[in-house]
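Structural characterization, general
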Amino acid sequence: MRRWVPFLSGLLFAIGLGLSGMTDARKVIGFLDFTRQWDASLAFVMAGAIAVHLPLLRRFSVPITDDDGCAVPTPHWFDRRTVIGSAIFGVGWGLAGYCPGPALVSVVSLELPVLVFTVGMLAGAGLFAAWDSRLRSGP
Amino acid sequence: MHNFTPLRSLSGGVLIGLAASLLALGAGRVAGISGIVGGLYTPGHEGRGWRLQFLAGLLVGALVWLALQPAVFASAGRALPVLAVAGLLVGFGARLGGGCTSGHGVCGLSRLTGRSLVATLVFMGTAAIVVLVTGS
């Protein structure tokens, strides 16, 4: 049963994304458009997710590792990478209305816009991986 | 308020929270999509299997929507070159920043980490500025 955990989590995640409205890039842009016709719906996605995830994490305390094998959360508040990376991510999100999860899920529609975005996104992540490993190996 | 769907969005959020909880409590992993995908780029990286399993689940869930209600998928009518650049920025930026809307916005905020709060405020901020400038 335990070996199905990642699969089931991914399945539930995609069902949730489709239901939430996050796979509709127009709705995402409507949510980010605070000053005109603001559609606040997507605030409820984050609220609903945290309302479930936060108490469950507190109730069952388990050690969690991030993708570099480090324990999370990291102890510091912020660093340059977090701020600059998040700023760059936000610009792309605002331009397209897609963030990584909804983009990957929407690929099944085989619509050209999301395919182009996702290829760019995977290339961007690849660029980061190449750049980061060069930094880590050092001159 | 335009196209307001609070209940549907809240329900979707609850499912996302359950998915993140299942992965955290059942496998000790963070359900951050950019991190899950990004971890596949490093050769010999530990834990390839669970990432591919998660992505397979994501794909099956997507196919369920495609079969039942394909209208949930919609793009915003942006030009293709804009989308390509936006994709590059999202892929690179989310990895540099250590997470995206799921990793920082849901998982990080749920464990009340300052770093995720900063990240979420920054990417919401720059995204809102871009929408303000480019228009909807």
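Every value quoted in this text rests on a predicted model; they were computed, and no experiment measured them.

1. Some words on the overall build of chain A
Scanning chain A from N- to C-terminus turns up 6 helices and 0 strands. Shown N-terminal to C-terminal, the secondary structure of chain A runs as helices and strands in the order α-α-α-α-α-α. Out of the 139 residues in chain A, the part that is buried amounts to 54%. Across chain A, contacts joining residues at least 24 apart in sequence account for 33% of those joining residues at least 6 apart.

2. A word on the interface of chain A and chain B
Taken residue by residue, the interface counts 106 residues in chain A and 105 residues in chain B. For the side of chain A that touches chain B, the secondary-structure elements that each account for two or more residues are helix H1 (5–20), helix H2 (25–32), helix H3 (41–59), helix H4 (80–96), helix H5 (100–106) and helix H6 (112–137) of chain A. Here the residues of the side of chain A that touches chain B are counted per class, giving 64 nonpolar, 31 polar and 11 charged.

3. Describing the packing of H3(A) against helix H1 (residues 6–27) of chain B
The packing of two helices is summarised by the inter-axis angle and the distance between the axes. Contact geometry of H3(A) with H1(B) gives a least axis separation of 6 Å together with a crossing angle of 35 degrees. When you trace H3(A) past H1(B), the crossing you get is right-handed. The residue inventory of the contact of H3(A) with H1(B), partitioned by class, reads 19 nonpolar, 9 polar and no charged.

4. A short note on the confidence of the model for chain B
Residues and elements named next belong to chain B. Per-residue pLDDT for chain B averages 93, and the proportion of residues at 70 or more is 95%. Ranking the elements of chain B by mean pLDDT puts helix H5 (residues 103–110) last with 92 and helix H4 (residues 80–96) first with 98. Taken together, the chains of this predicted complex give a pTM of 0.94 and an interface ipTM of 0.96.

5. Some details on H4(B)
Residues and elements named next belong to chain B. In this model, H4 (17 residues) spans 24 Å end to end at C-alpha, consistent with the 24 Å of a helix rising 1.5 Å per residue. With 13 of 17 residues buried, H4 lies mostly within the body of the structure. At the C-terminal side of H4, glycine 98 shows a positive phi close to 80 degrees.

Each value, and the rule that gives it
Residues numbered from 1 in each chain as written. Chains lettered and ligands numbered in written order. Predicted model: local features only at pLDDT ≥ 70, side-chain atom pairs only at ≥ 80, totals over all residues. Helix = DSSP H or I, 4+ residues; strand = E, 2+ residues; numbered from the N terminus. Buried ≥ 20, exposed ≤ 12 C-beta atoms within 10 Å, placed from the backbone. Contact = placed C-beta atoms within 7 Å. Nonpolar A, V, L, I, M, F, W, Y, C, P; charged D, E, K, R; others polar. Axes fitted to C-alpha atoms, helices over the stretch in contact; angles between N-to-C directions. Left-handed = near helix turned anticlockwise from the far one by under 90°. pLDDT = per-residue confidence, 0-100. Expected span 1.5 Å × (residues − 1).

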